[in-house]
Amino acid sequence: MNTSALDASRDRLLKTAANDGIVLAHATATRAVAAWTLAPAPQDPARHLEMAHAQARRHLARLTLHDPAREVLAVMTDELFFRLTDARPAPLTAPAGVTRFVYTPRKTLRRVLDHALDHLNQIDQWLAWQHDGVVPTPTDGWVPSTVTLPDDRLPLTPADLDAWLWRIDQATRLVVRRAGQLSEAELDWLPPDGGWPLRRVLHHLARSERLYAAALDEALPDEDPARRYEAASRRLDDGVRAASDRGRDESIVYAGLYGVLQTPEEVVDLVLTIERELLA
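Computed from a prediction, not measured in an experiment: that's the story for all the values here. (Residues numbered from 1 in each chain as written. Predicted model: local features only at pLDDT ≥ 70, side-chain atom pairs only at ≥ 80, totals over all residues. Heavy atoms only, no water.)

A. View of the side chain of Arg228. Note that Arg228 resides in helix H9 (residues 225-246). Beyond its immediate chain neighbours, meaning those up to four positions away, Arg228 contacts Thr28, Leu73, Ala74, Val75, Leu220, Asp222 and Glu223. (Helix = DSSP H or I, 4+ residues; strand = E, 2+ residues; numbered from the N terminus. Contact = heavy atoms within 4.5 Å.)

Structure follows, in structure tokens:
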């Protein structure tokens, strides 16, 4: 992996955009997402979902330790979301602004549960589409991470948390069971409209639970844009070293936040590409 290029790109960005909070916010998000991607995951999506929930639940169980009304700044930006998910993404060049993701304890729980239910429904709709030609009906009733509801700031008692965790555990169990029943053909079926195959959807669901669940425990410790970028860079450096030490392992995959499977080299190359776009 081109670690020297990563170091050079970091130094160039800090020198060129040291006072540009917008560029630094997107670059921070890019490096943080890359670090998450380099955490190894099982090839089997159902097993990935199971493992990811077990890891995320340790963070969810700690949510009563956080201020229920404080909105904690996450690393992800809405602009990077579109750069990573559009079928033909435009370069993230000279972004005019930055739309932040923020989380509170209750918002974290809401997003984990809504996300699981949304994709549980998607499995059934995709199967009906594949086997019976029934075109899916949009059912998005959830509120995205860019929106904080009044209820998201309410106190969270231990009893409240237990009730939320029961619902999340049940929803996750249902998704894991449905995912484990899918054939290889069903996992890899490509929707006619160019949408995601279920294999990608399920790896995305597994990876995203970390984004939500650990948003408070693993928040970057500073609000200064340059120091946040440096902290995200250190996390990526750790991930790159671990992947290099791990070497080739056919039993694992590196799944991006939006379900795309990449090699460690591709993860690094994408960071370098986006940082060049930000400085163009």
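B. Representation of helix H8 (residues 198-213). Given a rise of 1.5 Å per residue, 16 residues ought to cover 22 Å, and the 22 Å separating the end C-alpha atoms of H8 matches this to within 8%. Counting buried residues along H8, 15 of its 16 residues qualify, which places the element largely inside the surrounding structure. (Expected span 1.5 Å × (residues − 1). Buried < 20%, exposed > 50% of the residue type's maximum accessible area, 1.4 Å probe, protein only.)

C. Structural view of the sheet that holds strand S1 (residues 41-42). Pairing is antiparallel in the open sheet, where three strands are placed in the order S1-S4-S5. Unpaired on one side and paired on the other, S1 and strand S5 (261-262) mark the two borders of the sheet. Examined bridge by bridge, S1 and strand S4 (residues 252-255) share two bridges and lie antiparallel to one another. Considered in S4, the bridge of Pro42 is made with Ile252. (Pairing = 2+ DSSP bridges.)

D. Spatial organisation of the nonpolar core. Leu49, Leu60, Met76, Tyr103, Leu109, Val175 and Leu202 are the most contacted members of the largest nonpolar core, which has 63 residues in total. Beyond its immediate chain neighbours, meaning those up to four positions away, Leu49 contacts Val175, Val176, Ala179, Leu202, Leu205 and Ala206. (Core = buried A, V, L, I, M, F, W, Y, C linked by side-chain atoms within 4.5 Å.)

E. Focus on the pattern of salt bridges. Enumeration according to the criterion identifies 17 salt bridges in this entry. Across the pair Asp169 and Arg57 runs a salt bridge whose closest N-O atoms are separated by 2.9 Å. A residue pair is termed long-range when its members are at least 10 positions apart, and Asp169 in helix H6 (residues 158-180) and Arg57 in helix H3 (residues 45-60) qualify at 112 residues. Via salt bridges that share partners, Asp7, Arg10, Asp11 and Asp237 belong to a single interconnected network. (Salt bridge = Lys/Arg side-chain N within 4 Å of Asp/Glu carboxyl O.)

F. Highlighting the packing of aromatic side chains. On inspection of all chains with the given rule, the structure shows five aromatic pairs. Pairing Phe81 with Tyr258 gives two aromatic rings, centres 5.3 Å apart and planes at 75°, and the pair type is edge-to-face. Residue Phe81 is found in helix H4 (residues 78-85), and its partner Tyr258 is found in the loop between S4 and S5; the two are separated by 177 residues along the sequence. Assessed through its relative accessible area of 7%, Tyr258 is described here as buried. (Phe/Tyr/Trp six-rings, centres within 6.5 Å; stacked < 30°, edge-to-face > 60°.)

G. A look at the packing of H3 against H6. Look at H3 against H6: their axes get within 9 Å of each other, and the N-to-C directions meet at 170°. As summarised for this structure, H3 and H6 are arranged roughly antiparallel, according to the angle between their axes. Across from Ala46, Leu49, Glu50, His53, Arg57 and Leu60 in H3, the residues of H6 making contact are Leu161, Leu165, Ile168, Asp169, Thr172, Val175, Val176, Ala179 and Gly180. (Axes fitted to C-alpha atoms, helices over the stretch in contact; angles between N-to-C directions. Parallel < 35°, antiparallel > 145°, perpendicular 65-115°, else oblique.)

H. Up close: helix H1 (residues 3-16). Given a rise of 1.5 Å per residue, 14 residues ought to cover 20 Å, and the 20 Å separating the end C-alpha atoms of H1 matches this to within 8%. Taken residue by residue, H1 has Ala5, Leu6, Ser9, Arg10, Leu13 and Leu14 as its buried positions. Taken down its axis, H1 places every buried residue within 165° of arc, on the same side. Of the exposed residues in H1, the ones pointing more than 90 degrees away from its buried face are Ser4, Lys15 and Thr16. In the core, the buried residues of H1 are packed alongside helix H2 (21-37), H9 and helix H10 (264-279). (Arc of directions from axis to C-beta.)

I. Highlighting the packing of H2 against H4. In contact at an axis separation of 9 Å, H2 and H4 are set at 55° when each is read in the N-to-C sense. With respect to H4, the axis of H2 lies oblique. Note that H2 runs across H4; the crossing there is right-handed. Between H2, through His26, Ala29, Thr30 and Val33, and H4, the contact on the second element is made entirely by Glu79, Leu80 and Leu84. Broken down by class, the residue content of the contact of H2 with H4 amounts to four nonpolar, two polar and one charged. (Left-handed = near helix turned anticlockwise from the far one by under 90°. Nonpolar A, V, L, I, M, F, W, Y, C, P; charged D, E, K, R; others polar.)

J. Fine view of the environment of Leu49. By the secondary structure assignment, Leu49 is in helix H3. Note on Leu49: relative accessible area 5%, which makes it buried. Residues Leu49 and Leu202 lie 153 residues apart in sequence; the distance between their C-alpha atoms is 7.2 Å.

Purely spatial values, then, with no claim about function.
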